[in-house]
Amino acid sequence: MYRGATLFDGSGGPPRPSTTIVTDGAWIRAVGEDAETAGELPADAEVFDLDGCFVIPGLIDSHQHIATPPDRPAAEAVLRRLVYSGVTAIRDMADDLRQVGDLARATLVGEIPGPDIRYAALMAGPGFFDDPRTHQVSQGETPGAVPWMQAVTDDTDLRLAVAVARGTHAAAIKVYADLDAAAVTAITAEAHRQGIPVWAHATVFPASPRQVVTAGVDSVSHVTLLAFEGTDKPLTSYRTKPPVDYERFADGDDPLLADLFALMRRRGTVLDATAGMWRSDALAGDGPEAAACARANSELAARLTAQAHRAGVDISTGTDYETDAEDPFPALYEELAFLVDHCGMSPAQVLRSATLIGARSAGAEAVMGSVEPGKLANFAVLRDDPLRSIDHLRSVTLTVKRGRRFARSEFDRPGSAAGQPRRDEAEEGR
């Protein structure tokens, strides 16, 4: 039992002071006022006093890649940092699923510290598989001809293709590139028939953003790709994208995107914006030309994400990059700060995006994303109020993931070994 905290439960309601969370193994059994829940506990219940602390649902990064190329030690280090920073789930958006599947199993059963991993099997047109990344994640096999990365043509048996992808234990199909509207629609329909969601790039080339949304996909990634809606240039292929007309979006209120966002809101399509990625060192590039391009895309991402937010589109918090290994906190913190500082979202709205909407984007809203009975015991404990400043996430002291405790003091200790903290170490995070 965790008692005495101020709880932001992720449901959209106000913070709840003096709240107790009762866990039973991996699950939350009860949430209520301290005085109300005290009598419901067995005499031998273990009690953790969180007086003066703040609790939020476990954070979700809705756009990660942890195995392109596969590097097990690097992936484990990323996963460890994530869970000790309050992140209890990620969406892996296509990788070498031979490694990702094992990492997902290991974090699920507690062999290594890390968030739950909900991962996708990719589908794209044949022309995409010259991309060197597809060779990195298909080593020893033929890119486009493996269950986790399939080339789709008019002759593809989609019933079999989706079934083979599901056989990787993927949580979704990711639709990436070089597919027309009919193909995206057919893949989505078959995936949904077989009970698996579809995550797509916001423009699939030649399929436009509106065509992708109309196809019925569950989420779209990369807000800057929405700039291709309504372009007068042909969307021929992923590699031959037309130039972006940045001036068209200068006032932050594009009418074509207003119509698209209204459609997304009606359909419940989640926008995995990855809005802050262009500020990362990985994408800043070398030289003044690359830096100028990154600045232009960063400004575009801010304007389009802000317009989507004003239109009521559900926005999740993906990153698509990671901070340097020496950084004590993950890229997700930078994405959340970008949404607050540049996209007109309040800390409370951003936290909801990083929890309940993130769970929705991952197809896991039934079991995670909010702190309530019947859901997984996934939450983070903070010293400082994150509703006052999103930077207060850096005051995290404890992550509880599927009932397991990860005290931040164990992560911060120089030379500490990766793995489950000992009980005496975990209790330092109370």
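See above for the structure.
Conventions we followed
- Sequence order as written defines the numbering, with residues in each chain counted from 1.
- In keeping with the predicted nature of the model, local features appear solely for residues at pLDDT of at least 70, side-chain atom pairs appear and are counted solely at 80 or more, and the whole-chain, interface and lining totals rest on all residues.
- Here the side-chain values reflect all heavy atoms present in the structure, with hydrogen atoms and water set aside.
- In this text, helices come from DSSP runs of H or I with a minimum length of four residues, and strands from runs of E with a minimum of two, each type numbered from the N-terminal end.
- We take the radius of gyration over the C-alpha atoms and set the globule estimate at 2.2 Å times the residue count to the 0.38 power.
- A 1.4 Å probe rolled over the protein chains alone gives each residue an accessible area, and that area as a share of the maximum for its type sets the label: buried under 20%, exposed over 50%, partly exposed in between.
- Contacts are assigned to residue pairs with any non-hydrogen atoms lying within 4.5 Å of each other.
- For the accessible areas, the method is Shrake-Rupley and the probe is 1.4 Å, while residue cover comes only from the protein chains on display.
- The sign given to each residue is positive for Lys and Arg and negative for Asp and Glu; His and the chain ends receive no count.
- Think of each charge as sitting on NZ of Lys, CZ of Arg, CG of Asp or CD of Glu.
- Note on definitions: salt bridges are taken to be side-chain nitrogens of Lys or Arg within 4 Å of carboxyl oxygens of Asp or Glu.
- By convention, a stacked pair of Phe, Tyr or Trp rings (six-membered ring in the case of Trp) has centres within 6.5 Å and planes under 30 degrees apart, an edge-to-face pair has planes over 60 apart, and any other such pair is tilted.
- Any Lys NZ or Arg CZ that is within 6 Å of a ring centre and within 35 degrees of that ring's normal is treated as a charge sitting over the ring.
- Here the term patch refers to residues with relative accessible area over 30% and no salt bridge, with like charges joined within 9 Å and nonpolar side chains (Val, Leu, Ile, Met, Phe, Trp, Tyr) within 5 Å.
- One fewer than the residue count of a helix, multiplied by 1.5 Å, yields its expected span.
- In this text, buried Ala, Val, Leu, Ile, Met, Phe, Trp, Tyr and Cys residues form a nonpolar core when linked through side-chain atoms within 4.5 Å.

### Regarding the overall build of the protein chain
Inference 1: Counting its secondary structure elements, the protein chain contains 14 helices and 18 strands.
Inference 2: Its C-alpha radius of gyration of 21 Å places the protein chain within 12% of the 22 Å reference for a compact globule of 430 residues.
Inference 3: Its C-alpha atoms give the protein chain principal-axis dimensions of about 65 × 50 × 45 Å.
Inference 4: Burial status across the protein chain gives 56% buried among its 430 residues.
Inference 5: Of the contacts formed within the protein chain by residues at least 6 apart in sequence, a portion of 70% connects residues at least 24 apart.
Inference 6: For the protein chain, the computed accessible surface area is about 17100 Å², with 49% contributed by carbon and sulfur atoms.
Inference 7: With 42 positive and 62 negative side-chain charges, the protein chain shows a separation of 3 Å between the mean positions of the two kinds.

### A word on the pattern of salt bridges
Inference 1: In the structure shown here, the tally under the stated rule is 21 salt bridges.
Inference 2: For the salt bridge of Asp131 with Arg133, the shortest nitrogen-to-oxygen distance reads 2.7 Å.
Inference 3: Look at Asp131 and you get buried, because its relative accessible area is 8%.
Inference 4: The class of Arg133 is partly exposed, set by a relative accessible area of 35%.
Inference 5: Note that Asp157 is salt-bridged to Arg159, the shortest N-O span being 3.9 Å.
Inference 6: A residue is classified by how much of its surface remains accessible, and Arg159, at 54% relative accessible area, is exposed.

### Section: the environment of Val83
Inference 1: With respect to the helices, strands and loops of the structure, Val83 is situated in helix 2 (residues 72–84).
Inference 2: When its relative accessible area of 0% is taken as the criterion, Val83 is described as buried.
Inference 3: As for Val83 and Gly32, which are separated by 51 residues in sequence, their C-alpha atoms are 26 Å apart.
Inference 4: The residues touching Val83, leaving out its near neighbours within four places in the chain, are Pro113, Gly114, Pro115, Thr399, Lys401 and Phe406.

### A look at the packing of aromatic side chains
The geometry of an aromatic ring pair comes down to the distance between the two centres and the angle between the two planes.
Inference 1: For the coordinates displayed, the defined rule picks out 11 aromatic pairs.
Inference 2: With a centroid separation of 5.2 Å and an interplanar angle of 75°, the aromatic rings of Phe205 and Phe228 are classed as edge-to-face. Within this pair, whereas Phe205 is found in the loop between strand 12 (198–201) and helix 7 (209–214), its partner Phe228 is found in the loop between strand 13 (219–221) and helix 8 (255–267), the two being separated by 23 residues in sequence. Each member of the pair, Phe205 together with Phe228, is buried.
Inference 3: In this structure, Lys241 is placed above the aromatic ring of Tyr238, and the distance from its NZ or CZ to the ring centre is 3.8 Å.

### Description of a negative patch on the surface
Inference 1: A cluster of like negative charges, contributed by Asp281, Asp324, Glu326 and Glu334, occupies part of the molecular surface.
Inference 2: Tracing the sequence through the fold places Glu326 in the loop between strand 15 (315–316) and helix 11 (331–342).
Inference 3: According to the relative accessible area criterion, Glu326 is exposed, its value standing at 70%.

### Examining helix 6 (residues 181–193)
Inference 1: Relative to the 18 Å expected for 13 residues at 1.5 Å per residue, helix 6 spans 18 Å between its end C-alpha atoms, a close match to the ideal helical length.
Inference 2: Buried-residue contacts for helix 6 involve strand 8 (116–124), helix 5 (158–166), strand 11 (172–175) and strand 12.
Inference 3: One or two residues past the end of helix 6 sits Gly195, with phi positive at roughly 80°.

### Here we look at unusual backbone geometry
Inference 1: The amide bond that connects Thr68 to the next residue, Pro69, takes the cis arrangement and shows omega of -10°.
Inference 2: Tracing the chain through its elements places Pro69 in the loop between strand 6 (59–64) and helix 2.
Inference 3: The linkage connecting Phe205 with the following residue, Pro206, adopts the cis geometry, with an omega of 10°.
Inference 4: Positionally, Pro206 belongs in the loop between strand 12 and helix 7.
Inference 5: Phi is positive for His169, close to 70°, though the residue is something other than glycine.
Inference 6: Within the secondary structure, His169 sits in the loop between helix 5 and strand 11.
Inference 7: Classification of His169 by relative accessible area gives exposed; the value is 66%.
Inference 8: Positive phi outside glycine occurs at Arg402, with the angle close to 50°.
Inference 9: Relative to the helices and strands, Arg402 resides in the loop between strand 17 (396–401) and strand 18 (404–407).

### Some remarks on the nonpolar core
Inference 1: Counting residues in hydrophobic clusters, the biggest one holds 98 residues, and the most contacted among them are Leu59, Ile117, Leu226, Leu271 and Leu393.
Inference 2: Counting residues in each nonpolar core, the second largest holds 17 residues, with Ala5, Phe48, Leu50 and Val381 among its members.

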